[in-house]
Amino acid sequence: MAPGQAGAWTLLGPLLWGCALALQGGMLYPRESPSRERKELDGLWSFRADFSDNRRQGFEQQWYRRPLRESGPTLDMPVPSSFNDVGQDAQLRSFVGWVWYEREAALPQRWSQDLDTRVVLRIGSAHYYAIVWVNGVHVAEHEGGHLPFEADISKLIQVRLTAQTAAGPVSDFHALPVGIRTVAVTESQFLINGKPFYFHGVNKHEDADIRGKGFDWSLLMKDFNLLRWLGANSFRTSHYPYAEEVMQLCDRYGIVVIDECPGVGIVLPESFGNVSLQHHLQVMEELVRRDKNHPAVVMWSVANEPASFLKPAGYYFKTVIAHTKTLDPSRPVTFVTSSNYAADLGAPYVDVICVNSYYSWYHDCGHLEVIQLQLATQFETWYRTYQKPVIQSEYGAETIAGFHQDPPLMFSEEYQRSLLEQYHSVLDQKRKEYVVGELIWNFADFMTNQTPTRALGNKKGIFTRQRQPKSAAFLLRERYWRLANETRYHRSVVKSQCLGNSLFPF
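First, a word on scope: everything that follows refers to the structure included in this document.

Reading guide: rules and limits
- Residues numbered from 1 in each chain as written.
- Predicted model: local features only at pLDDT ≥ 70, side-chain atom pairs only at ≥ 80, totals over all residues.
- Heavy atoms only, no water.
- Pairing = 2+ DSSP bridges.
- Helix = DSSP H or I, 4+ residues; strand = E, 2+ residues; numbered from the N terminus.
- Expected span 1.5 Å × (residues − 1).
- Buried < 20%, exposed > 50% of the residue type's maximum accessible area, 1.4 Å probe, protein only.
- Core = buried A, V, L, I, M, F, W, Y, C linked by side-chain atoms within 4.5 Å.
- Contact = heavy atoms within 4.5 Å.
- Axes fitted to C-alpha atoms, helices over the stretch in contact; angles between N-to-C directions.
- Left-handed = near helix turned anticlockwise from the far one by under 90°.
- Nonpolar A, V, L, I, M, F, W, Y, C, P; charged D, E, K, R; others polar.

### Describing the sheet that holds strand E11 (residues 195-196)
One open sheet accounts for three strands, arranged E9-E10-E11; its pairing is antiparallel. Of all the strands in the sheet, just strand E9 (183-185) and E11 have a single pairing partner and so form its edges.

Structure below.
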């Protein structure tokens with residue numbers, strides 16, 4: 001370490017997406033300002049997976065009390081990234097358990113000598129349960145992946161100083177981009193700025209070759225350029241919140257967002273217990289606190305495909321939705337259901353019905369002729385029961401790029417196109433009544449665990465994992481630009497301050 005600098009080394013478990021040190025801090029995205037400095041900690045970290053039988057060897061041997069290299073071999077691991085595909089170790093590819101990240105950081109001397117300075121360590125996202133030590137001292141824990149958390153480490157880096165000062169008022173500020181709009185829901189419409197809005201967009205995951213779910217500016221810009229090429233005006237942050245940079249670009253580019261918490265896998269009776277409920281409420285507080293200032297966010301989603309037909313689900317979702325509305329009364333709240341309309345106990349409490357269905361894929365495989373009847377029946381029964389606007393929040397078919405078959409067979413590009421066309425025929429009828437959106441599953445192919453039904457991941461994307469278009473992408477592009485041009489919210493209406501064109505009705 002160079003003279004005149006203070007240092008800190010940090011251990012984290014398990015999966016690290018992004019990390020930074022900042023003066024002052026605050027849970028908002030830590031922009032630099034006249035009162036705030038940042039030190040990014042992205043780059044190579046020392047890494048080790050805990051492959052021991054009980055997977056807690058690192059805690060028992062207290063690896064966090066000394067540099068990680070002193071307790072055994074380490075790997076260089078880039079941050080941000082997912083560790084799975086970076087190395088050549090097959091065991092690491094599908095590993096689930098504790099992993100350790102360590103980074104030594106050199107800090108400006110003023111940070112350690114000025115006792116009026118507040119130094120905050122901020123973790124952009126660590127999946128799923130993370131524990132943080134600085135210089136061997138436990139400073140933070142966080143449960144719930146994908147959302148940021150932080151720790152004030154001022155005393156740790158100033159511990160050698162003996163002088164005492166009285167802390168006076170601290171002025172800490174930074175500017176945020178601002179968008180002004182209203183959101184409202186009627187029995188049959190979703191309104192932005194008092195005008196009907198129709199969601200025509202995608203579901204997507206933060207996923208790419210090698211980097212996995214790690215944040216990447218090049219990939220992000222490619223995705224946003226593809227969204228503009230498609231004519232998409234919206235997406236849902238499927239199954240978890242996305243990186244803050246994604247939300248900032250949605251504001252900038254005019255992409256409407258249904259912001260979803262990591263409430264996936266709520267499928268067992270015990271998943272609806274008090275412990276899970278209290279944690280769910282906390283996660284919604286963190287999500288709303290992080291994203292409430294993004295005008296792109298127009299609706300909160302508290303879960304994806306829960307077992308909402310189970311008896312405890314009614315009270316559970318009534319509580320979570322009411323709590324979310326207390327946190328933010330300005331936005332509607334939903335969850336994404338795959339339950340039957342007559343059995344769903346959480347649906348009475350949502351503002352918009354979001355339904356996932358995979359007709360002629362998971363049901364009646366290969367029978368494209370049944371889609372229109374089944375989908376029309378789905379919409380009619382949901383609306384008749386609840387008198388609320390409906391979004392087709394997921395639909396699609398697995399498709400391997402380059403597979404062709406006529407007549408269409410499952411997994412061919414022709415089958416994906418034909419399935420979409422059958423859905424679109426019904427959507428065009430019902431959007432004139434009470435259907436307010438359609439979100440294809442999925443924007444791009446993404447990796448999953450190995451199973452007999454997954455050929456190198458989930459292939460329901462209209463783009464490949466490498467962002468190359470399948471035939472369905474051209475079908476959707478034609479449809480989405482037609483939908484955009486049928487509404488007031490086409491690209492010529494709004495002149496973005498930075499980009500010139502936007503699909504977003506601010």
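Still to come is the rest of the account.
### A few points about helix H9 (residues 371-386)
Taking 1.5 Å per residue as the helical rise, H9 with its 16 residues ought to reach 22 Å, and the 23 Å between its terminal C-alpha atoms agrees with that figure. For H9, the full list of buried residues reads Ile 371, Leu 375, Ala 376, Gln 378, Phe 379, Thr 381, Trp 382, Tyr 383 and Tyr 386. Positive backbone phi, at 55°, marks Gln 387, one or two positions downstream of H9.

### Quick look at the nonpolar core
Of all hydrophobic cores here, the largest spans 83 residues; its most connected members are Phe 224, Phe 235, Val 302, Phe 317 and Leu 419. Ranked by residue count, the leading element in this core is H9, at seven residues. Not counting residues up to four positions away in its chain, the partners in contact with Phe 317 are Phe 272, Val 302, Ala 303, Pro 306, Ser 308, Phe 335 and Gly 346. Counting 26 residues, the second largest nonpolar core, distinct from the first, contains Trp 45, Val 99, Ala 126 and Ala 140.

### Details of the packing of helix H5 (residues 217-230) against helix H6 (residues 244-253)
One can describe the packing of H5 onto H6 by two numbers: an axis separation of 11 Å at closest approach and a directional angle of 35°. Relative to H6, the crossing made by H5 is right-handed. Contacts between H5 and H6 involve Trp 217, Leu 220, Met 221, Phe 224 and Arg 228 on the former and, on the latter, Glu 245, Val 246, Leu 249, Cys 250 and Tyr 253. Tallied by class, residues from the contact of H5 with H6 come to eight nonpolar, no polar and two charged.

### Some thoughts on H6
Within H6, nine of the 10 residues are buried, which leaves it mostly tucked inside the rest of the structure. Along H6, the residues classified as buried are Glu 244, Glu 245, Val 246, Met 247, Gln 248, Leu 249, Cys 250, Asp 251 and Tyr 253. Summarising the contacts, the buried residues of H6 are in contact with strand E6 (119-134), H5, strand E13 (234-236), strand E14 (256-260), helix H7 (274-291) and strand E15 (297-304). After H6 finishes, the residue Gly 254 shows a positive phi value of roughly 80°.

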